Amino acid sequence: MSSEIHPILRIGDFAQVKGGKRMPAGTALTSDKTSHPYLRIVDFKDGSIDTSNLQYVPDEVFPQISRYVISAEDLYISIVGTIGLVGAVPASLDGANLTENAAKICGIDRTRVNTRYLSYYLRSDAGQSAISALTVGSTQPKLALFRIEQIEVPVPSLNTQQSIADMLGALDDRITLLRETNATLEAI
């Protein structure tokens, strides 16, 4: 039995953290579908994005906030109000705009850290505890971008990270299937 010790890295050691952007003054989101979805905290669900009530940036407004997009390679993290919702953006929403109440963990060095493993770690009790410890404010809690870079993550070998992500992904898939089956049975 081996008791391998894993290095601990800070997020800033292997990734960048960048903020989202609010809509420009005098403009509003629309429920009319454009090619520019806008991801809000209410859309963050179970490590992914709930697309049932997406809002969109009007085409004429998009150029003003076009730099504040998130890719399917990044992770989101909520940083104002409800702190610590973490997850990935599905490929279908690659390039969506990101609310100012969230940040993206991007430029992840995949030679050191598996993105799915990082997402699961940050959603775990240990990850949520680390996030809470760096959150400031009681009336309106906030998590500063530089504080996200300070979050410590245990980093086992890439093979181990992949195995952990695969196992937890299989459990997530099973839970989703059971929920869908339950909804179908309730409908019957």
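So, here's what we can say about the structure. Keep in mind it's a predicted model, so treat the numbers as computed, not measured.

A word on the packing of helix 3 (residues 115–123) against helix 6 (residues 158–187). The contact between helix 3 and helix 6 brings their axes to 8 Å, and the two run at 65 degrees. With respect to helix 6, the axis of helix 3 lies roughly perpendicular. Our pair here, helix 3 against helix 6, has a crossing hand that is left-handed. Facing helix 3, whose interface residues are R116, Y117, Y120 and R123, helix 6 presents Q161, Q162, I164, A165, D166, L168, G169 and D172.

On to unusual backbone geometry. Positive phi outside glycine occurs at D46, with the angle close to 50 degrees. Among the secondary structure elements, D46 is positioned in the loop between strand 4 (44–45) and strand 5 (48–49).

The next subject is the nonpolar core. Ranked by size, the top nonpolar core spans 26 residues in total, and within it I11, I105 and I148 carry the most contacts. Sort the elements by how many residues they give to this core and helix 3 lands first, with four residues. Ranked by size, the runner-up nonpolar core spans 13 residues in total, among them L39, V89, L93 and L98.

So, about the layout of surface pockets. Vacant regions in the atomic arrangement are exposed by a probe of water-molecule size rolled over the atoms. Taken as a whole, the largest pocket encloses approximately 500 Å³ of empty space. If you trace the largest pocket, you find 17 residues lining it, with D46, G47, S48, R123 and D172 closest to the centre. For the lining of the largest pocket, the secondary structure elements donating two or more residues are helix 3 and helix 6. When the residues that make up the lining of the largest pocket are grouped by side-chain class, the tally is five nonpolar, five polar and seven charged.

Turning our eyes to something else, we now look at the packing of aromatic side chains. Within this structure, the stated rule accounts for one aromatic pair. Aromatic pair F44 and Y76: ring centres 3.9 Å apart, planes at 25 degrees, arrangement stacked. In this pair, F44 sits in strand 4 while Y76 sits in strand 8 (residues 75–78), placing the two residues 32 residues apart along the sequence. Considered together, F44 and Y76 belong to a single accessibility category, that of buried residues.

What counts as what
Residues numbered from 1 in each chain as written. Predicted model: local features only at pLDDT ≥ 70, side-chain atom pairs only at ≥ 80, totals over all residues. Heavy atoms only, no water. Axes fitted to C-alpha atoms, helices over the stretch in contact; angles between N-to-C directions. Helix = DSSP H or I, 4+ residues; strand = E, 2+ residues; numbered from the N terminus. Parallel < 35°, antiparallel > 145°, perpendicular 65-115°, else oblique. Left-handed = near helix turned anticlockwise from the far one by under 90°. Contact = heavy atoms within 4.5 Å. Core = buried A, V, L, I, M, F, W, Y, C linked by side-chain atoms within 4.5 Å. Buried < 20%, exposed > 50% of the residue type's maximum accessible area, 1.4 Å probe, protein only. 1 Å grid on protein atoms, 1.4 Å probe; cavity = no way out; pocket = protein on both sides within 12 Å on 5 of 7 lines; lining within 4 Å. Points joined across faces, edges and corners; volume = space filled by probe spheres on them. Nonpolar A, V, L, I, M, F, W, Y, C, P; charged D, E, K, R; others polar. Phe/Tyr/Trp six-rings, centres within 6.5 Å; stacked < 30°, edge-to-face > 60°.

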